[in-house]
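Residues per chain are reported as follows:
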Amino acid sequence: MPLAQEPDLSVFGDDPLWLVLLKVVFVFAFVLVTVVICIVMERKVLGWMQLRIGPNRHGPWGMLQSLGDAIKLMLKEDIIPKGSDKALFMLAPILAVIPAFMAFAVIPFGPKDDPVSIFGTETVLQVTDLPVAILYVLATSAIAVYGTVLAGWSSGSTYPLLGGVRATAQIISYEVAMGLSFAAVFLYSGSMSTSAIVDAQDDRWFMILLPVSFLIYMVAMIGEAHRPPFDMPESEGDLVGGYLTEYSSIKFAFFMMSEYVHVVTVSGLMVTLFLGGWRAPVPLSLWEGANSGWWPMLWFTIKLTMVIFLFVWVRASLPRVRYDQFMVLGWKILIPIALVWLMLVATVRAMQNEDYAFSDILMWVLGGVLTLLLISFVVDFFRDRAEQREEDERGEAPEPEFDPMAGGYPVPPLPGQTLPPVPRRPSRAERTTAGVAADTEGSPEGREGDDG
């Protein structure tokens, strides 16, 4: 099997214009309805996990809560700060929403070799496909960050600007790890086309073949979507509301919608790349007609809902991490692991193409892993010895006391530093005891006792 092959995309591009527009409208409506359901599901699931009732006033079982929120936001006053760049301030929400919708154009809902009939015209359950479809998804997701950056910069305020800068650093950090996890999928599927990647998962999903890539992408997609515990750009604990601080009314709703659309997009990408796409899970796949007709759309939707549930589960379970911890996770943990894993996958694929026996491949892989572990152990050993030698040369000089106001504004202590004790007023009992002792020492009887 070759490492790269040209996907057959001849079935795309032959649809009439009205059918193309119908498919585009359907994808837009599918994502929008999924977002509405996702918002209600998140609140209901969070209430269930935290032993609360959740929304239950709007519609049956609170299912119209999202509609009520949308109406409320549209009726709120739309405020534009006086010192803002008005054109960019109004453009930023639109720029955040549109690219998130565009990425879903290459997500397959069904097989390309088994079209369905729509008003008498046979077509594939996918808007279009490209030889580099995954790169198209990465490009559109990278464009979406401009909406966040422009929102922070155009607001003319400090906290929104800091939120925009955080969003930029977050996207850059985690898109690298995400791209490296995609590269392993490209090596095994032999293509960057989404339909070809799903076809390559005929016998086994890539979640099983590439578990490390799956885990790296699972962490990276949460950071990419700015979802808890990685919602640094709008963390209310230190940035008030981040890049959303100055936004209200429908523009605020646009940003909220873009976040959930991004959640749906990265979830659909996970289903396509690692969970078999539209393919039915076992044991349903044993049924001959499970992957034909309209059934693949049902399997895709069920998998998509399960991945969205994962987002909600993580939000309910984990607290927000510190920003420096978040950057360390991206640059010092995820990216090195993704690089080593990619080298391992490339070696295995090359040996498979050279018709090496499975036992030989296993021996080479285990030998490489043991060699890496030995090298890392030796490096850590000599690094620890060097650090110990430096500490011995410096002596045991006490480190300067940490001053939280050294820069003119309060800063948190770094690891290993401790805050100075906070001066506190003595309690009422301590003040009473001290007063009684002072009176006793100042009385004549106390002085006579001392003289005696």
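These numbers come from a predicted model, not from an experiment. (Residues numbered from 1 in each chain as written. Predicted model: local features only at pLDDT ≥ 70, side-chain atom pairs only at ≥ 80, totals over all residues. Heavy atoms only, no water.)

Brief notes about the overall build of the chain
Logical step 1: Each helix and strand in the chain was counted, giving 15 helices and 2 strands.
Logical step 2: Along the longest, intermediate and shortest principal axes, the C-alpha atoms of the chain span 115 × 65 × 45 Å.
Logical step 3: Among the 452 residues that make up the chain, the fraction classed as buried is 40%.
Logical step 4: Accessible surface computed for the chain: about 25600 Å², of which carbon and sulfur atoms make up 67%.
Logical step 5: Of the side chains in the chain, 30 bear a positive and 47 a negative charge, and the two mean positions are spaced by 8 Å. (Helix = DSSP H or I, 4+ residues; strand = E, 2+ residues; numbered from the N terminus. Buried < 20%, exposed > 50% of the residue type's maximum accessible area, 1.4 Å probe, protein only. Areas by Shrake-Rupley, 256 points an atom, 1.4 Å probe, with all protein chains shown as cover. Lys, Arg positive; Asp, Glu negative; His and termini not counted. Charge placed at Lys NZ, Arg CZ, Asp CG, Glu CD.)

Section: the packing of aromatic side chains
Logical step 1: Scanning the model with the defined rule gives 23 aromatic pairs in all.
Logical step 2: Measuring from centroid to centroid gives 6.1 Å for F26 and F109, while their planes differ by 70°, and the two rings are edge-to-face. Here the residue F26 occupies a position in helix α1 (residues 17-49), and F109 occupies one in the loop between α3 (86-102) and β1 (116-118), the gap between them amounting to 83 residues.
Logical step 3: Under the relative-accessibility criterion, F26 is labelled partly exposed at 37%.
Logical step 4: Pairwise contacts between aromatic rings join F26, F30, F104, F109 and F300 into one cluster. (Phe/Tyr/Trp six-rings, centres within 6.5 Å; stacked < 30°, edge-to-face > 60°.)

Quick notes on unusual backbone geometry
Logical step 1: Residue P228 is joined to P229 through a cis peptide bond whose omega torsion reads 5°.
Logical step 2: Omega for the bond connecting V282 with P283 falls within 30 degrees of zero, at 10°, which places this linkage in the cis form.
Logical step 3: Its location among the elements puts P283 in the loop between α10 (249-274) and α11 (295-317).
Logical step 4: Even without being glycine, W61 reaches a positive phi, approximately 60°.

A few points about the nonpolar core
Logical step 1: With 78 residues, the main nonpolar core has V31, F104, F182, Y217 and M221 as its most contacted residues.
Logical step 2: Core analysis: the next-biggest nonpolar cluster, separate from the first, contains 8 residues, F89, A151, Y247 and F255 among them. (Core = buried A, V, L, I, M, F, W, Y, C linked by side-chain atoms within 4.5 Å.)

Examining a nonpolar patch on the surface
Logical step 1: On the surface, a nonpolar cluster with roughly 990 Å² of combined accessible area is contributed by L64, L67, I71, M74, L75, L91, I94, I98, M102, I250 and F254.
Logical step 2: Of all the secondary structure elements, the ones that give two or more residues to the nonpolar patch are α2 (65-75), α3 and α10.
Logical step 3: Within the secondary structure layout, I250 lies in helix α10. (Patch = residues over 30% accessible without salt bridge, like charges linked within 9 Å, V, L, I, M, F, W, Y side chains within 5 Å. Salt bridge = Lys/Arg side-chain N within 4 Å of Asp/Glu carboxyl O.)

What about the packing of α10 against α11?
Logical step 1: Packing of α10 against α11 brings their axes to within 9 Å, and their N-to-C directions diverge by 120°. Considering the angle they form, α10 stands oblique to α11. Seen from above, α10 lies across α11 with right-handed handedness. Residue-level contacts link Y260, V263, V264, V266, S267, G268, M270, V271 and T272 of α10 to F300, K303, L304, V307, I308, F311 and R315 of α11. (Axes fitted to C-alpha atoms, helices over the stretch in contact; angles between N-to-C directions. Parallel < 35°, antiparallel > 145°, perpendicular 65-115°, else oblique. Left-handed = near helix turned anticlockwise from the far one by under 90°. Contact = heavy atoms within 4.5 Å.)

As for α3
Logical step 1: An ideal rise of 1.5 Å per residue puts 24 Å on 17 residues; α3 measures up with 26 Å between its terminal C-alpha atoms.
Logical step 2: The sharpest bend along α3 reaches about 30° and sits at A92, with the proline P93 one to four residues further on.
Logical step 3: All of the buried residues along α3 are F89, A92, P93, A96, V97, P99, A100 and F101.
Logical step 4: Structurally, α3 contributes buried residues whose contacts are with α1, α4 (133-154) and α10. (Expected span 1.5 Å × (residues − 1). Bend = angle between axes of the 7 residues up to and from the residue.)

Examining the environment of F119
Logical step 1: Here F119 lies in the loop between β1 and β2 (121-123).
Logical step 2: Each C-alpha atom of the pair F119 and L19 lies 9.3 Å from the other, and the pair is 100 residues apart in sequence.
Logical step 3: Every residue in contact with F119, bar those within four places of it in the chain, is listed here: W18 and L22.

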